[in-house]
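# Coordinate inspection notes
This is what each chain is made of:
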Amino acid sequence: MAQAASSQEQLPPPPASEPREAVQPPATEPQQPPANAYSVPEGSPSIDERLSADEHRVESLEEQNTETKNDLSALKKLRFSGYIQSRYQYQEPLDDTGTGGFSRFTVRRGRLKATYTGDLAQFMLQIDAVPAGVTLRDAEATLFIPGTKQQLSLTMGQMKWPFGYEGPQSSSDREFPERSRVVRNMLPSERDRGAKVNGRYKFLRVSAGVFDGAGTDSGTTQDNDKEKDIIGRVGFDLKWIAGGVSGWYGQDLGKLPTDTFRRAYDRSRLGADLQAYFDVVPLGGTSLKGEFIAGRTYGAANNATHLDVPAHGWYLLLVQNIGLNDAVAVRYDTFDPHNGQANTANGDMPGADNAVDTLGVVVQHHFGENLKVSATYELPMTQVVAQASDPKDNLFTLQMQARF
Amino acid sequence: MKKTLRSSLVALGLTLLPLAAQAGTVTVKGSDTMVILAQRWAEAFMKKNPSMKIQVTGGGSGTGLAALQNGTTDIAMSSREMKEAEEEKLRARYNTPPTQFSVAKDGVTFYVNEANKVDTLTVEQLKAIYLGDTESWKAVGGADAPIVLYSRENSSGTYVFVKDTVLGGDDFASAAQTLPGTAAVVNAVSKEKNGIGYGGAAYAKGIKELKIKKGNEAFAPTAENVKSGKYPLSRDLFFYLRNKPSGDVKAFIDFALSAEGQAIVTQVGYFPVK
């Protein structure tokens, strides 16, 4: 537009032979550039120069965009995740007078995890923020052994014990609100400070390490003895079926009533786990999982509550997906707190070390990818003798889990 | 109280009963390398089955596999094999192992500008270039000019394939510029005379494809070389499902693997699996 206006202004006079009307503007209207026309002053850059300048500007923007993308690419290695498990729980009164039991809201878990994964190293920190306080759950420094494509790694810090299936499994993935009774007793807090090697080769899975042994629920931030515990699992994963055997050997210092001084007692576990996945029901996938653990010296609070006591237990879990968003699960678990010891009675209450079986049912629904709601009903059945009766301790849990 | 709880559980169970999946619509999401191929399949399939609707979108293999996990796609397209962590997440969520279908073959092609006199490189030379150890074309028989690296975003299956197969798991040089699709890489290389990039064969138009030297022979990413396995950078292109296929999803996969579907693979520029 600007070019047209200026060329008309500078139009040379026509040759005499040409008809004047063809080039001369009408005499009544003086030649004016249109109101919206640009005027190009003398010495201004040409169109080509301006195009070239614009191209450079675009290239500059492209470079800035690339730089930004490169910066963002580095940030992609940093990942934040977490979940909150909020609950309403109802436990029936222990007897007909209405004593005992509860009806309460709780925040069971409030996890926030930061993971930075590079080619050779991984940083992982997880905290748990709940009404009782904020605690450190995991603090892991991992080295991926070079040349192994991150299939072999060494981790030091505070981490989960490499034992069994349900212990290391994330609570956000589990169908039931809590782990089975045997796992809660044999692997209290599931975590400890130590170092472990993690390896994968084709279908084989190996994880083993050296740990303080007392766990993070021991109430101390440092181990109370020099004895280290060796814990590991050798497993396999064939997609539709997976499993493994786990072992734990260590010692715990403690004093039984018969001891004059503290002495080292064996702390050991043996476990086997199996998970099978089927796609036979048209409604959705089906899984059957089971685990058996037997061990000696167990329990929270310095592991001294059941010093040198042998115990065992197992669970069986059946999960049926119904479509994309729903699932139903049934779990039966049993735990004998003292192998070979006969069940006892304390008046009309069962003895503290009587075996307990628990039947649980859970229905869960996913609202999109971030929210899961589950309703669980659990019926603990404590074995009884004589006049003792099974306590009324059935538990209903309604849980909302938000995860990102 | 027990009765109340029982009634509550039954009511909740009934409320949470699953909604039947929308019949007649199949969503396909993932690998940008496979988008054109899947769109062609979808067009041909819908022409034969007018009541069916196939929705195809890209975003990268990682995005498609995440969508499969989140339940927002029926089929995930991926130009790399599913990672163990992704597989474990799917299995934990849906209680069944995912199903994998190899639906086509592709040769990952390295492109240079048409003006570049280099036309053959070894995998080792490519590795040195993309790790940043070789910075001049002169070192590999070209002009005395700096090498300009173009790469893909890390959600891309092609990125993962090159990282694993060419770089041996090491990280790309920081100088490599990441671009949001193979078409963008091709475009950039066609404009930058010292550029090098990579992508699927289907996009390799208007620029020069490098031959890959193995031993004393150099192999171009041709159909014969990819199918025979002589071309060192060939790979499978996959469809992933949460479980075994059924209904509309099965019908679409059957079509993709049929003679007609595999003919489309060839038309688009990839290589059939059958």
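So, here is what we can say about the structure in this document.

Along the backbone of chain B there are 10 helices and 13 strands. Here the analysis covers contacts within chain B between residues at least 6 apart in sequence; of these, 73% occur between residues at least 24 apart. Summing over all exposed atoms, chain B offers an accessible surface of approximately 11900 Å²; the carbon and sulfur share of this is 51%.

So, about the pairing of strand S2 (residues 102-117) of chain A. Residues and elements named next belong to chain A. Bridge count for strand S1 (residues 78-91) against S2 is 14 bridges, and the pairing is antiparallel. Counted as the bridge partner of Gly-82 is Leu-112 from S2. Both S2 and strand S3 (residues 121-130) contribute to a ladder of 7 bridges, which runs antiparallel. By the bridge assignment, Tyr-116 is partnered in S3 with Phe-123. Where S2 folds back onto S3 in an antiparallel hairpin, the turn is made up of 3 residues.

A positive phi angle is found at A:Glu190, which is not glycine, with a value near 60°. Within the secondary structure, A:Glu190 is located in the loop between helix H3 (181-186) and strand S6 (191-201).

Secondary-structure assignment places A:Phe278 in strand S10 (residues 263-278). Residue classification places A:Phe278 among the partly exposed residues on the basis of a relative accessible area of 30%. Once the C-alpha coordinates of A:Phe278 and A:Ala214 are considered, the two residues, 64 residues apart in sequence, prove to be 38 Å apart. Setting aside residues no more than four positions away along its own chain, A:Phe278 makes contact with A:Trp240, A:Gly285, A:Thr286, A:Leu288, B:Asn95 and B:Thr96.

Let us look at the pattern of salt bridges. Residues and elements named next belong to chain A. Taken as a whole and judged by the stated rule, the model has 32 salt bridges over all chains. When the shortest N-O distance is used, the salt bridge between Asp-308 and Arg-296 registers 3.2 Å. Taken as a pair, Asp-308 in strand S12 (residues 306-322) and Arg-296 in strand S11 (residues 286-298) lie far apart in primary sequence, 12 residues in all. If you follow the salt bridges from partner to partner, you end up with Arg-137, Asp-138, Arg-179, Glu-190 and Arg-191 in one network.

For the rest of this paragraph, the subject is the packing of helix H9 (residues 247-257) of chain B against helix H10 (residues 259-268) of chain B. Geometrically, a packed helix pair is captured by the angle between its two axes and the distance between the axes. Residues and elements named next belong to chain B. Running from N to C, H9 and H10 cross one another at 60°; their axes reach a closest spacing of 4 Å. Our classification of the angle between H9 and H10 gives oblique. Here Phe-255, Ala-256 and Leu-257 of H9 lie close against H10, whose contacting residues are Ala-259, Glu-260, Gly-261, Gln-262 and Ile-264. Residue composition of the contact of H9 with H10, grouped by class: 5 nonpolar, 2 polar and 1 charged.

Here we come to the packing of helix H3 (residues 61-70) of chain B against helix H4 (residues 84-94) of chain B. Residues and elements named next belong to chain B. Two elements in contact, H3 and H4, have axes whose closest approach is 9 Å; the angle formed by their N-to-C orientations is 15°. As far as their axial angle goes, H4 and H3 are roughly parallel. Where H3 crosses over H4, the handedness of that crossing is left-handed. Contacts from Leu-65, Leu-68, Gln-69 and Asn-70 of H3 reach H4 at Glu-86, Lys-89, Leu-90, Arg-93 and Tyr-94. A per-class count over the contact of H3 with H4 returns 4 nonpolar, 2 polar and 3 charged.

Within this structure, the stated rule accounts for 17 aromatic pairs over all chains. Taking 6.3 Å as the distance between ring centres and 65° as the angle between the ring planes, the aromatic pair formed by A:Phe163 and A:Trp248 counts as edge-to-face. Of this pair, A:Phe163 sits in the loop between strand S5 (152-160) and H3 while A:Trp248 sits in strand S9 (residues 241-254), and the two are 85 residues apart along the sequence. Judged by centre distance (6.4 Å) and plane angle (50°), the rings of A:Trp240 and A:Phe278 are tilted. In this pair, A:Trp240 is assigned in the loop between strand S8 (229-237) and S9 and A:Phe278 in strand S10, connecting sequence segments 38 residues apart. Among the aromatic residues, ring-to-ring pairing joins B:Trp41, B:Phe45, B:Phe239, B:Phe252 and B:Phe255 into one connected group.

Moving on to the sheet that holds strand S5 (residues 109-112) of chain B. All names here are of chain B. The strand order S8-S7-S9-S5-S10 describes an open sheet built from 5 strands, whose pairing is mixed. Edge strands, defined here as strands with exactly one partner in the open sheet, are strand S8 (177-179) and strand S10 (208-209). Where S5 and strand S9 (residues 195-199) come together, 4 bridges link them in antiparallel fashion. Counted as the bridge partner of Phe-110 is Tyr-198 from S9. Docked against the sheet, helix H6 (residues 157-165) engages S5, strand S7 (148-152) and S9, running at close to 110° with respect to S9.

Parameters at a glance
Positions within a chain are numbered from 1, following the residues in the order the chain's sequence is written. All chains are assigned letters beginning with A, and all ligands numbers beginning with 1, in the order in which they are written. Totals for whole chains, interfaces and linings use all residues, but because this is a predicted model, local features are given only for residues with pLDDT of at least 70 and pairs of side-chain atoms are given and counted only at 80 or more. Each side-chain value is derived from all of the structure's non-hydrogen atoms; neither hydrogens nor water enter the calculation. Segments assigned H or I by DSSP are reported as helices when at least four residues long, segments assigned E as strands when at least two residues long, and all are numbered from the N terminus. Any two residues having at least one pair of non-hydrogen atoms within 4.5 Å are treated as being in contact. Surface accessibility follows the Shrake-Rupley procedure with a 1.4 Å probe radius. Residue values consider only the protein chains on display as shielding. Note on pairing: DSSP must find at least two bridges between two strands before they are called paired. Classification of residues uses two cut-offs on accessible area relative to the type maximum, computed with a 1.4 Å probe and protein chains only: under 20% is buried, over 50% is exposed, and between them is partly exposed. Criterion for a salt bridge: a side-chain nitrogen of Lys or Arg within 4 Å of a carboxyl oxygen of Asp or Glu. Fitting a line to C-alpha atoms yields each axis, with helices limited to the stretch in contact; the angle taken between N-to-C directions then spans 0 to 180 degrees. Here roughly perpendicular refers to angles of 65 to 115 degrees, roughly parallel to angles under 35, roughly antiparallel to angles over 145, and oblique to all remaining angles. Gly counts as polar in this scheme, as do all residues outside two lists: the nonpolar Ala, Val, Leu, Ile, Met, Phe, Trp, Tyr, Cys and Pro, and the charged Asp, Glu, Lys and Arg. With the far helix as reference, a near helix turned anticlockwise by less than a right angle produces a left-handed crossing, and one turned clockwise produces a right-handed crossing. Here a Phe, Tyr or Trp ring, Trp counted by its six-membered ring, pairs with any other such ring whose centre lies within 6.5 Å, and the pair is stacked when the planes are under 30 degrees apart, edge-to-face when over 60, and tilted otherwise.

None of this, on its own, says anything about what the molecule does.
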